[in-house]
Amino acid sequence: MDDKVRDLDDEVDLTDEELDALATDFIRTAVVEDIKSGRFNRRVHTRFPPEPNGYLHIGHAKALAIDAGVARDFGGKFNLRFDDTNPVKEEEEYVDGIVADVRWLGWDFGDTVLFGSDYFEQMFAWAVELIEKGRAYVDDLSPEQIREYRGTLTEPGKNSPYRDRSVEENLDLFHRMRAGEFPEGSRVLRAKIDMASPNLNLRDPVMYRILHQSHHRQGDAWCLYPMYDWAHGLEDSIEGITHSLCDLGYRDHRPLYDWFLDELGIYHPQQLEFARLFMTYTVLSKRKLLQLVQGGYVDGWDDPRMPTIAGMRRRGYTAAAINDFCDRIGVSTSASVVDVALLEHCVREDLNEHAPRVMAVLDPVKVVVDNYPEGQVEWMEAENHPQHPEMGNRLIPFSRELYIEREDFMEDPPGKYYRLAPGREVRLKNAYLVTYSSVVKDEAGRVVEIHCIYDPASRGGEAPDGRKVRGTIHWVSAAHALDAEVRLYDRLFRDEDPEKVTEGDGAEEKGFLDNLNPDSLQVVVGCKVESTLVATQPGDRFQFMREGYFCTDLESTADHLAFNRTIALRDTWAKIQGAG
């Protein structure tokens, strides 16, 4: 046993009162009880065991918040360990991506990344031990025959004709399987438990299969690979894990987890299960996410429409917001569907608190201030955040020619329209009051230029005579504005249940891909942003005033600024809560 991996002397140093305060859910309550009883030598040691066959998504963020959060709360240890037992689907790209995601979310697993494949030799030795005890055997049945012999929920399975091979024959075949003597899929090693068990997982489960595939870490050293149910508990045991936290899908596998450890007589962690995350307008199956990527429906695993951590990070979501969301949904054993509006609310709440404000015009129309001196430029002071003066101010240029949003002007406005219109005076944010003068249109009758006059005494946006101006609009100086591309993202699916299939012709052939939202991405070019964004870097987050929250995209350069809309200003979750 590697002492660097398994340290059994690190006790939790908390009083009973402090422990009781941490018993906020059924998992933490179980941990508190184990610490008080002295189980596991008063240690807490958890792990997050992803398979490197895809990128992490928001469901994994919930699992991480539980796995790593329990270790953090009790001052215990937390391992990031890859369950890399299937070389067919695993890639180093996914390993690197997962490590980056876990670190970005703020979870501390120390300086060491662990891999289940590093324990292959020990696992093999334990398999030999089970064979020697008569508790495992080599089976020649095909995968189809194994499924047939397994039985059903209402009918018991039947024994394989190879179940009673001698220990000597099983050992010989198993070593020859490792040596690569047999074709892929021709033989497996199975545990000898009970083919009549009401739990299908105990009906002689497969422990090893032959795969003549190179492994991303082990190369061609192995052609015999362990199944997850066999490897899972052994990995936990080797690392000295105390509480093996899994989703509810593994509840029926727990008796098998226990059986392997008890038969071997090795250190035995406690498996506990919680409900996994389901969320509206979202698919969280890695198989389906891979379909989206490989089918070209999205632009990679980090497409900002994807529910992956990489995609959310690129879109501008913050780690704090994602972790806050996970804390709010809590820990439960009841499966439920969480409204995606809650996640969006957490993101919006965090960005509202921390994102600096800037001005950007997404659909620009030119404004000429007729009575402003030609060639003159004034630098207006603007706060970076209205609620946080400690974030300071910035200087933005004001000149005779400006850009405003096209929707901020109407020739024939309806009632309660407080923006620019004939006979109307509005406030240019942080600048002056201006009044409509005239308009220039093209041959098609489209407004191409709006003329105004300004009140020189209203610098800062307030009239010296105290007259009230209800409308405030944002703007950028035409001579100083930077060109930008803006990507407006919406939900990837039209229906809150992406799997929903409406009745009709061909309904039986439809699937989640038929519910894709064709308007989930709108690319807007020709946008104008304030000159302070000249030095923006990928990952920077802002509130574009009156537009929403945006993030500088990874592909953005000084010559081609690109911004992703993280989320709009409107908070649907707050509205839902208010209605409740």
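These numbers come from a predicted model, not from an experiment.

Reading the values: the criteria
- Residues numbered from 1 in each chain as written.
- Predicted model: local features only at pLDDT ≥ 70, side-chain atom pairs only at ≥ 80, totals over all residues.
- Heavy atoms only, no water.
- Helix = DSSP H or I, 4+ residues; strand = E, 2+ residues; numbered from the N terminus.
- Expected span 1.5 Å × (residues − 1).
- Buried < 20%, exposed > 50% of the residue type's maximum accessible area, 1.4 Å probe, protein only.
- Contact = heavy atoms within 4.5 Å.
- Polar contact = N/O pair within 3.5 Å; in protein donor to acceptor, adjacent residues only side chain to side chain.
- Pairing = 2+ DSSP bridges.
- Axes fitted to C-alpha atoms, helices over the stretch in contact; angles between N-to-C directions.
- Salt bridge = Lys/Arg side-chain N within 4 Å of Asp/Glu carboxyl O.
- Phe/Tyr/Trp six-rings, centres within 6.5 Å; stacked < 30°, edge-to-face > 60°.
- 1 Å grid on protein atoms, 1.4 Å probe; cavity = no way out; pocket = protein on both sides within 12 Å on 5 of 7 lines; lining within 4 Å.
- Points joined across faces, edges and corners; volume = space filled by probe spheres on them.
- Nonpolar A, V, L, I, M, F, W, Y, C, P; charged D, E, K, R; others polar.
- Right-handed = clockwise from strand over helix to strand, strands pointing away.

Colleague: What am I meant to see in helix 2 (residues 26-37) here?
Modeller: For an α-helix, 3.6 residues make a turn, and residues three or four places apart therefore share a direction. In this model helix 2 runs 17 Å from its N-terminal to its C-terminal C-alpha over 12 residues, within 8% of the 16 Å that 1.5 Å per residue would give. Listed as buried for helix 2 are Ile27, Arg28, Ala30, Val31, Val32, Asp34 and Ile35. Each element contacted by the buried residues of helix 2 is listed here: helix 1 (16-22), helix 3 (58-73), strand 8 (243-247) and strand 9 (270-274). With a side-chain oxygen lying 3.0 Å from the backbone nitrogen of Ile27, the N-terminal cap of helix 2 falls on Asp25. Phi for Gly38, located one or two positions after helix 2, is positive at around 85 degrees.

Colleague: Mind showing me how you'd approach the sheet that holds strand 3 (residues 114-115) here?
Modeller: Note: strands within a sheet are paired through backbone hydrogen bonds, in either parallel or antiparallel orientation. Spatially, the three strands line up as an open sheet ordered 1-2-3, and their pairing is parallel. The open sheet has two edge strands, strand 1 (45-48) and strand 3, and neither has a second partner. Where helix 8 (residues 228-239) meets the sheet, it contacts strand 1, strand 2 (77-82) and strand 3, and its direction lies at approximately 140 degrees from that of strand 2.

Colleague: Would you take a moment to explain the sheet that holds strand 5 (residues 188-191) for this structure?
Modeller: A sheet is described by the order of its strands in space; here four strands give the open sequence 4-5-6-7, paired in antiparallel fashion. Looking at the sheet topology across the chains shown, the edges are occupied by strand 4 (136-139) and strand 7 (224-226). Averaged over neighbouring strand pairs, the angle between their axes works out to 20 degrees when direction is ignored. Here strand 5 runs beside strand 6 (residues 206-210); their pairing, made up of three bridges, is antiparallel. By the bridge assignment for strand 6, Arg190 is matched with Val206. Contacting strand 4, strand 5, strand 6 and strand 7, helix 5 (residues 120-132) runs over the sheet at an angle of about 120 degrees to strand 6.

Colleague: Is there a simple way to think about the pattern of salt bridges in this case?
Modeller: Close approach of charged atoms lets side chains of opposite charge pair. Within this structure, the stated rule accounts for 51 salt bridges. Note that Lys133 is salt-bridged to Glu263, the shortest N-O span being 3.7 Å. With a gap of 130 residues between them, Lys133 in the loop between helix 5 and strand 4 and Glu263 in helix 9 (residues 254-264) connect regions that are remote in the sequence. A residue is classified by how much of its surface remains accessible, and Lys133, at 43% relative accessible area, is partly exposed. Here Glu273 ties to Arg251 by a salt bridge, and the two come within 3.8 Å at their closest N and O atoms.

Colleague: Would you mind showing me how to read the environment of Leu272 here?
Modeller: Here Leu272 is to be found in strand 9. Residues Leu272 and Val138 lie 134 residues apart in sequence; the distance between their C-alpha atoms is 31 Å. Sequence-distant contacts of Leu272, that is, excluding residues within four places in its chain, are made with Ile27, Ala30, His243, Ser244, Leu245 and Cys246.

Colleague: Is there a simple way to explain the packing of aromatic side chains in this structure?
Modeller: Each aromatic ring pair is specified by the distance between its two centres and by the angle formed by the two planes. Taken as a whole, this structure holds 23 aromatic pairs when the rule is applied. Judged by centre distance (4.8 Å) and plane angle (75 degrees), the ring pair of Tyr432 and Tyr454 falls under edge-to-face. Here Tyr432 is found in the loop between strand 18 (425-428) and strand 19 (433-441), whereas its partner Tyr454 is found in strand 20 (residues 447-454), with 22 residues between them in sequence. We note that Tyr432, like Tyr454, is buried.

Colleague: Is there a simple way to think about empty space enclosed by the protein in this case?
Modeller: Leftover empty space is mapped by rolling, across the atoms, a probe with the size of a water molecule. Applying the stated criterion to the full structure yields three cavities of 30 Å³ or more. Computed from the structure, the largest cavity encloses a volume of approximately 50 Å³. In terms of lining residues, the largest cavity is bounded by Met359, Ile396, Pro397, Trp475, Val476, Ser477, His480, Ala481, Glu530 and Ser531. Residue assignment for the lining of the largest cavity shows that the elements contributing at least two residues are strand 16 (393-398) and strand 22 (476-477). Within the lining of the largest cavity, the residues separate by chemical class into six nonpolar, three polar and one charged.

Colleague: What's the story with the pairing of strand 9 in this structure? I'm lost.
Modeller: Each regular strand shows side chains that alternate between the opposite faces of the sheet. The buried count for strand 9 comes to five of five residues, which makes it a mostly enclosed element. Here strand 9 shows a buried face lined by Gln270, Leu272 and Phe274 and a second buried face lined by Gln271 and Glu273. In this sheet, strand 9 lies alongside strand 8 in parallel orientation, the contact comprising five bridges. Residue pairing in the sheet places Ser244 in a bridge with Gln271 of strand 9. Following the backbone out of strand 8, through helix 9 and into the adjacent parallel strand 9, one traces a crossover that is right-handed.

Remember that the coordinates give geometry; whether it matters functionally is a separate question.
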